[in-house]
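In case you want the letters, here they are:
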Amino acid sequence: MQLDIHQIDHPSFSARGVSLLLEGSAGRIRLDRFAAAGRQWHGVQLDCRRLRLDDGRIQCAYARISGVPELADARLNLDFSTQTRSGHFTAQFAGEARLTATLTANSALDIRFEQLPLALLGRFWPAAGQWKPSGALTGRAGFDGRQFSVNATLENAGFSDVSGNHAAEALAGDVRLNALRRGDAWTWKMRAAWTGGGVFWDPVFVPPGVSLVAEGQASDQRVDIFSSRIEAPGVSHISGKGQFDIAGRRIIDAAVSVSHADLAVVVPQFVLPVVAPAQTERWQVAGWADVDVRWLGGELQGVDVGLDQVGFAYLGQRFRVGPLSGRLPWHRDASVEGHLQVDGLHWQKLDFAPFFLNMAVAQGNITVAPARLPVLDGAIIIDHLTVVNGDEGWQGRGGFFMEPVSMRALTAALDLPEMVGTLSASIPGLLVTPRRAALDGALVIALFDGYVQATGLEVVEPFGLLPRLRAHVVAEHLDMAQLTETFSFGAVSGFVDLALNDLQMAAWKPVRFDASVRSTPGDYPRRISQRAVEHITALGGPSASAAIQRSLLQFFNDFGYREIGVDCRLANGVCQMQGIEGAGADSAPFTIVRGGGIPALNVIGYNRRVNWDELIERVKAAIASDAAPVIK
């Protein structure tokens, strides 16, 4: 027996070209077209182990389906009344997975699902299949044409893309959604909680403990969020509202507020893996922040960041800032004022006194007002400082100078050999980016009664694993008495000039330079002690010697000299040496110290090619041994 039905329409589905064929107690149900949930299937057939037709009622038991690949492995049961357009549908999957749908006479649809595999999403939604979803859903959904509701629990879920850079496992949570149709739009309320598992979204790992409460309205063109509140580890809460253009995939208007974010949690977990993935373990962060973000007319309009007792440290307290508090605002179309109160700034043992910074923020620029940063018995003065967000990211430009600071106090704070005198400096132009710091102009430092000037100074990856430095350095009229006293070199009176061209360093160790040291021209006392002679002799290699006038002169503690001069060109770990006379053959001796006065002294070097590391170790050993020179 065969029964043909032209069409069956229901708010939840529709069927066209329905035919039922009875073959004893079994039979088949064929559908030319079946539509549900926005999708269509053609040539659908149910092979029923038992098929019964009774007074407009269709009962199909223990059925298999073809034409719907998504349900190919399911065992189906169907009980439907064509008169009341109500019925019952069950799909049994492998294991305990089960889906039950009930249609009522008033067009309501009630769906219950138990341990429903998320892998089925890949069958009904091909885009989801690329993420290899796993886990199961248990819950209930209802729809009557005017109201829609979902109450579901997620268990042991996960996903992964092909690369494995975006993945999750052991996810658990629940969601509740209720929606009511009003005209062409749906007004909805939602509650969700993520209670277990974790998500890795390269390079960030997100832990569970997130809950969401939201309500709004949705139509085909846009989604309105009237209010939302997210609670998550590391923040008190995140609240937001806004309108979103679905077709254009853009924000129309929105406002989002992050309240009392714990930076000790948020920054290492979400910020450092993105901005400094190789140095996450080197930074320590503390304090709290509030953030407000606003969009208007599809554009970001403003950001306001409030900081409370924020501090951060790099490399285990070597560099520390904080606590600092203040407000950092930004507005697209207006200049706004910000400020920071910095109650702590530390480098090694160098401590700055508290200071205050005022700034103007206009679009992508931050301009810091001139400020004084007290340190020791002096201060660093910010003459001008601007931070700009350009095409290549953030970069800062500024000019600074230092009020005189006691060298004795400064060297003690930096764990350097004690120096006397004062230090002052001028940095007219400095450029800093996340990967590079460079001088625009010259760095001038006054010390040892002379000055040091650096030009072309550039540091690449200063906080990276292999920082690199380039510079040209000139020093003039350095007081040798202060200099040699500082480094326990022995006593030398007089002044020297230094030229250090094409200096290149890697990991703060020199790999290339062209250095020259010469006595400063002029009329001044020039004496050198026996101890200093030994240390200078070390520069000339193991064959170097100190030659002075014979007889009783060898018993003097210091000697006169006329000139000091030594050059070193470092390349490939070898220092090519030359003395006062200039270049010569590798086997030719060279003069480092030329004698003058009574008694007179000459220091001669014989090895023009010296391994740099050996040279440094030789000088260190000579200083440590405190030995007297060999007098010839």
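Residues numbered from 1 in each chain as written. Predicted model: local features only at pLDDT ≥ 70, side-chain atom pairs only at ≥ 80, totals over all residues. Heavy atoms only, no water.

**Re the overall build of the protein**
In plain terms, the rule: Each helix corresponds to a stretch of at least 4 residues labelled H or I by DSSP, and each strand to a stretch of at least 2 residues labelled E; elements are numbered beginning at the N terminus. The size measure is the radius of gyration over C-alpha atoms, and the globule rule it meets is 2.2 Å times the number of residues to the 0.38 power. Classification of residues uses two cut-offs on accessible area relative to the type maximum, computed with a 1.4 Å probe and protein chains only: under 20% is buried, over 50% is exposed, and between them is partly exposed. When checking whether two residues touch, look at their non-hydrogen atoms; a contact exists if any pair is within 4.5 Å. For the accessible areas, the method is Shrake-Rupley and the probe is 1.4 Å, while residue cover comes only from the protein chains on display. Counted as positive: Lys and Arg. Counted as negative: Asp and Glu, with His and the chain ends omitted from the count. The atoms used to mark charge sites are NZ of Lys, CZ of Arg, CG of Asp and CD of Glu.
Check the secondary structure of the protein and you find seven helices and 43 strands. Over its C-alpha trace the protein gives a radius of gyration of 40 Å, far above what one expects of a compact globule, namely 26 Å for 632 residues. Reported as C-alpha extents along the three principal axes, the dimensions of the protein are approximately 140 × 55 × 35 Å. Residues classed as buried in the protein amount to 38% of the 632 residues present. Partitioning the intrachain contacts of the protein with sequence separation of at least 6 by distance along the chain shows that 44% fall at a separation of at least 24. Carbon and sulfur atoms provide 57% of the accessible area of the protein, an area that totals close to 33,200 Å². Taken together, the 57 basic and 65 acidic charged side chains of the protein have centroids lying 6 Å from each other.

**Looking at the pairing of strand E31 (residues 436-439)**
The following threshold applies: When DSSP finds at least two bridges between two strands, those strands are taken to pair.
In the sheet, strand E30 (residues 422-433) pairs with E31 via four bridges, with the strands oriented antiparallel. Bridged to leucine 430 within E31 is leucine 439. Where E30 folds back on E31, the antiparallel hairpin that results is connected by two residues. Where E31 and strand E33 (residues 450-460) come together, three bridges link them in antiparallel fashion. Paired with alanine 437 across the two strands is valine 459, which belongs to E33.

**Section: a nonpolar patch on the surface**
Going by this rule: Candidate patch residues must exceed 30% relative accessible area and have no salt bridge, after which like charges are joined if within 9 Å and Val, Leu, Ile, Met, Phe, Trp or Tyr side chains if within 5 Å. When a carboxyl oxygen of Asp or Glu is within 4 Å of a side-chain nitrogen of Lys or Arg, the pair counts as a salt bridge.
Together, Phe270, Val271, Val274 and Val275 line one region of the surface with nonpolar side chains, adding up to about 340 Å² of accessible area. Here phenylalanine 270 is to be found in helix H3 (residues 263-275).

**Regarding H3**
Defined as follows: Take the number of residues in a helix, subtract one, and multiply by 1.5 Å to get its expected span. Values of bend correspond, residue by residue, to the angle between axes fitted over the seven residues ending at that residue and the seven starting there.
Between its first and last C-alpha atoms H3 spans 15 Å; for 13 residues at 1.5 Å apiece the expected length is 18 Å, and the helix comes up short by more than 12%. Considering bend angle alone, the principal kink of H3 is centred on glutamine 269 and spans about 30°; proline proline 273 follows within four residues of it. Burial in H3 covers these residues: Leu263, Val266, Val267, Leu272 and Pro273. For H3, the secondary structure elements touched by its buried residues are strand E14 (204-206), strand E17 (235-245), strand E18 (250-262), strand E19 (283-296) and strand E20 (299-314).

**With respect to unusual backbone geometry**
Following aspartate 202, the chain continues into proline 203 via a peptide bond in cis, with omega recorded as 5°. Here the residue pair glycine 322 and proline 323 is connected by a cis peptide bond, since its omega of 5° sits within 30 degrees of zero. Assignment of secondary structure puts proline 323 in strand E21 (residues 319-331). With a phi close to 50°, leucine 376 is a non-glycine residue in the positive phi region. Here leucine 376 lies in the loop between strand E27 (371-375) and strand E28 (378-390).

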